Amino acid sequence: MTSRATSTPATRLTRRSFLRGTVALGVAAGLGPSLLTACGSGDDGGDPNDLQMHHDAAVGPLFKPYVDYFNTNYTPLKLGTSYVAQDYLTVTNQQLAGGNASYDVLFADEGYLESWSKNQWVRSLKDLPGLDKLVANMNPGVADALKGPDGEIYALPYFQGAELFVVNTDHLKKIDASAPKTWEEFLEQARELKSKGISQTPYSPYWIKYAFLMWHQFAAEVASEGGGSLFDPSGKPVLQGNAVARATLERWRTLYSEGLVPKDLFTTDYGGVTNIFGGGKSSFSMRYQAQVVGWKDPKQSSAAKAVKNVAMPGKTHQTHSFGAYWMLSYGTEGEKNAGTVIDYLGGAGKDGSYHVPKNLVATALGLSSGYRSVDTDPAVLKSWAKWADVDALTAQLAKTVPLGPVTTRAWYPKFADMACAVLQEVVLGKKSSDEGLKELGDFAGSQK
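Residues numbered from 1 in each chain as written. Predicted model: local features only at pLDDT ≥ 70, side-chain atom pairs only at ≥ 80, totals over all residues. Heavy atoms only, no water.

In the annotation of an unreviewed UniProt entry, the protein chain is listed under the name Carbohydrate ABC transporter substrate-binding protein and assigned to Actinomadura decatromicini.

### Observations concerning the overall build of the protein chain
Convention followed: Comment: elements are numbered from the N terminus, with helices defined as DSSP H or I runs of at least four residues and strands as E runs of at least two. The classification of residues rests on relative accessible area computed with a 1.4 Å probe and restricted to protein chains. Under 20% of the type maximum is buried, over 50% is exposed, and intermediate values are partly exposed. Residue contacts follow a heavy-atom distance rule, with two residues in contact if any of their heavy atoms lie within 4.5 Å. For accessible areas, the Shrake-Rupley method is used with a probe of radius 1.4 Å. Any residue's cover is judged against the shown protein chains and nothing else.
Each helix and strand counted, the protein chain has 19 helices and nine strands in total. Within the protein chain, the fraction of its 448 residues that count as buried is 56%. Within the protein chain, contacts between residues separated by at least 24 positions form 77% of all contacts whose residues are at least 6 apart in sequence. With an accessible surface of roughly 17,800 Å², the protein chain has 52% of that area assigned to carbon and sulfur atoms.

### A few points about the layout of surface pockets
Rule in force here: Detection works on a 1 Å grid of protein atoms alone, calling trapped sets that fit a 1.4 Å probe cavities and calling open sets with protein on both sides within 12 Å along at least five of seven lines pockets, with lining residues defined by an atom within 4 Å of a point. Grid points are joined across faces, edges and corners, and a volume is the space filled by probe spheres set on the points. Think of it as three bins: nonpolar holds Ala, Val, Leu, Ile, Met, Phe, Trp, Tyr, Cys and Pro, charged holds Asp, Glu, Lys and Arg, and polar takes everything else, Gly as well. For every domain, the bounds stem from an assignment made automatically or drawn from a database.
By volume, the largest pocket is sized at about 1,400 Å³. Partitioning the lining of the largest pocket into residue classes produces 24 nonpolar, 12 polar and five charged. Shared between two domains, the lining of the largest pocket holds at least three residues of each, these being domain 1 (50-160 + 322-385) and domain 2 (162-321 + 394-446). Roughly 520 Å³ of volume is contained in the second largest pocket. Surrounding the second largest pocket, 25 residues form its lining, Asn139, Pro140, Ser368, Leu397 and Thr400 being those nearest its centre. Among the elements of the structure, strand S4 (156-162), strand S8 (319-328), helix H15 (372-375) and helix H17 (390-397) are those that each provide at least two residues to the lining of the second largest pocket. Built from parts of two domains, the lining of the second largest pocket gets at least three residues from each of domain 1 (50-160 + 322-385) and domain 2 (162-321 + 394-446).

### Some points on helix H8 (residues 183-195)
Counted only if it meets this: One fewer than the residue count of a helix, multiplied by 1.5 Å, yields its expected span. It is the directions from the helix axis to the C-beta atoms whose arc is reported.
Taking 1.5 Å per residue as the helical rise, H8 with its 13 residues ought to reach 18 Å, and the 18 Å between its terminal C-alpha atoms agrees with that figure. Listing the buried residues of H8 in full gives Trp183, Phe186, Leu187, Gln189, Ala190 and Leu193. End-on view of H8: buried residues confined to an arc of 165°, all on one side of the axis. Those residues of H8 that are exposed and aimed more than 90 degrees away from the buried face are Glu184, Glu188 and Ser195. On the buried face of H8, the contacting elements are strand S5 (164-168), helix H7 (169-174), helix H9 (213-224), helix H10 (243-257) and strand S6 (284-287). Just downstream of H8, Gly197 is the residue with a positive phi angle, here 75°.

### Some words on the nonpolar core
Inclusion rule: Within this scheme, the nonpolar core is defined by two criteria: the residues are buried Ala, Val, Leu, Ile, Met, Phe, Trp, Tyr or Cys, and they are joined through side-chain atoms within 4.5 Å.
Core analysis: the biggest nonpolar cluster contains 129 residues, and Trp116, Phe165, Trp207, Trp215, Phe218 and Phe415 have the highest contact counts within it. Sorting elements by how many residues they give to this core places helix H18 (residues 412-427) first, with 10 residues. If you count residues domain by domain, this core takes at least three from each of domain 1 (50-160 + 322-385) and domain 2 (162-321 + 394-446). When near neighbours in sequence (up to four residues on either side) are disregarded, Trp215 contacts Leu230, Phe231, Leu239, Leu403, Tyr412, Phe415, Ala416, Ala419, Cys420 and Leu423.

### With respect to the pattern of salt bridges
For the record, the criterion: Whenever a carboxyl oxygen of Asp or Glu lies within 4 Å of a side-chain nitrogen of Lys or Arg, that contact is scored as a salt bridge.
All told, the structure shown has 11 salt bridges when counted by the stated rule. Between Lys431 and Glu425 there is a salt bridge, with the nearest N and O atoms lying 2.8 Å from each other. Overall, Glu425 belongs to the partly exposed group, its relative accessible area being 27%. Through salt bridges with shared partners, one network takes in Glu425, Lys431 and Glu439.

### Structural notes on empty space enclosed by the protein
Tallied over the full model, the rule gives one cavity of 30 Å³ or more. Taken as a whole, the largest cavity holds about 40 Å³ of empty space. Forming the boundary of the largest cavity are Asp109, Glu110, Gly111, Tyr112, Leu113, Ala145, Tyr325, Met327, Thr407 and Thr408. Residues belonging to the lining of the largest cavity are distributed by class as follows: five nonpolar, three polar and two charged.

### Remarks on the confidence of the model for the protein chain
The condition is simple: A score from 0 to 100, pLDDT tells how confident the predictor is in each residue.
For the protein chain, per-residue confidence averages 89 on the pLDDT scale, and 89% of positions sit at 70 or higher. Here residues 1-45 is a poorly scored stretch, pLDDT under 50, and it has 120 contacts once near neighbours within four places are set aside; other chains count.

### Digging into the sheet that holds S6
In plain terms, the rule: A pair of strands is labelled paired if DSSP reports no fewer than 2 bridges between them. Interaxial angles span 0 to 180 degrees and are taken between N-to-C directions of axes, which are lines fitted to C-alpha atoms, for helices over the stretch in contact.
In spatial order, the strands read S6-S5-S7; together these three strands make up an open sheet with antiparallel pairing. The sheet is open, and its two borders are formed by S6 and strand S7 (307-310), each paired with just one other strand. Pairs of neighbouring strands in the sheet enclose a mean axial angle of 35°, with direction left out of account. With four bridges connecting them, S5 and S7 associate as antiparallel partners. The residue bridging Val166 from the neighbouring strand is Asn309, located in S7.

Here's what the structure looks like:
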C-alpha cells in the first residue's frame, strides 16, 4: 500500500486543485513548527491556506453554516469540502491506500485508527498546541480511543453516542405501568401490551448489521445487567462463558420466538426500524441521542408527544457508548494550518469556545461532544431538555461502558460485522447462545 506522503508535491497539488470544490471555509491559527516538521509535507507549491475537509455527503447541509462561520472568522485560510456520496469508509480507505487522499482533515468511525496510523495515512497530533488541555477536558475513556499503537494521540472527538432506552408513555398508560426497571419487568410488559392488542410488536430494537447496530445494542444490554465491557483493558474478549451475555441472547430469542419484535427486523433498513417506533407501532426501542431527537420531532414522528427516554432496564442501568473521530491526513498540504481545522472541528477552536462540538454536535444533534465542559454547559443542557428528560439523559450518560482500546484495532470492523451476523443466527435458533459467543470469542481472541 502506498502512503499518501509518497506522492510528489506536484501530483498532489494538481489533483487537489482539480478536486477542490465549492464551499470555502476559513481558518486562522496554526500548529507549531515542530508539527510542521513532523508532518514531512515538503510542499513546494500551492496555497497553504487552501485546505479541505473530507466527510460523508449526507451531512453536507449540516456543515454548511459552520463552513460559512469558519470562512468569516478564520480568514485568510479557506477550507473546501470533499464529500463521498455513499460507502464513505470504504471509499476513503481505498483513497488513502492508493495515495489519492486529496484532503487535510477527515473523520472515521471506530476501528480505523490503528491501520491508518500504522500506514502513515494519518498523523500524530502530539505537537498540536493545547492538546494536553483538550485531553484533560475529555470525558472518561475518550482519550483511550484516540491513541495509536505507539501511544500517541491521532484523533480528536467528533461525537460520542450512547444507546438510550425509550418508551411510548401512551402505551404504558393503557396497562397502568411505568417504565420497566428490570429486563424481567420489560418482558412482562411486552407480553401484556401484545396480549391486549396495544402493540403487536412491542419492542423495535435495531437488530441490523448496518453500522454494527445489533452489536452495539447487545453491548448495551449486557452492560445494563452488570456484564461490563465485552473486552478487558488488554483487548481480550469477555464473551465465552459470559453468563450475562448468554442471558441477554436467551431473552432476545424469547422476544423473537414470541413475536414481541417484528419478524422481518433483520432485513428491515434503518429508516424502517425507526418508523416502527416513531409511528407508534411499538412501545419500546433503543438508539442513540440523535435518533431520539428525531423521534421527539412531530414533523418526523407521529408518536413524538409520547416518546420518553428512561433509564436502561437492568441491574446497573448502564449502557454502551461509542464514537467517531477527526484525523489529519499524513500527506496534508496545509502544513501547520491543517491543525487549526481539526482544532475547530473537534476541539476548542482559536477562541476556546468549542464552537462546532457545542453548537453542531451537542446542540443540533443532541450528542455528547466528548468534552466535560461542553456536555455540562447550561446552554447545552437547556437544548437537550427540548427533546429529552434531561435528568434521565445526563444520569444515563454518566453510566456508559465503552469497549475500550479494542475499537481502534484494524480487525474490529470485521469483527463487529461478523458479530451482527452471528447474533442474528443465535436469535433465529440456528446456533445456541454458547456456540455464538464461543465463535465470537475465538475470532477476537485470535487477533493481534
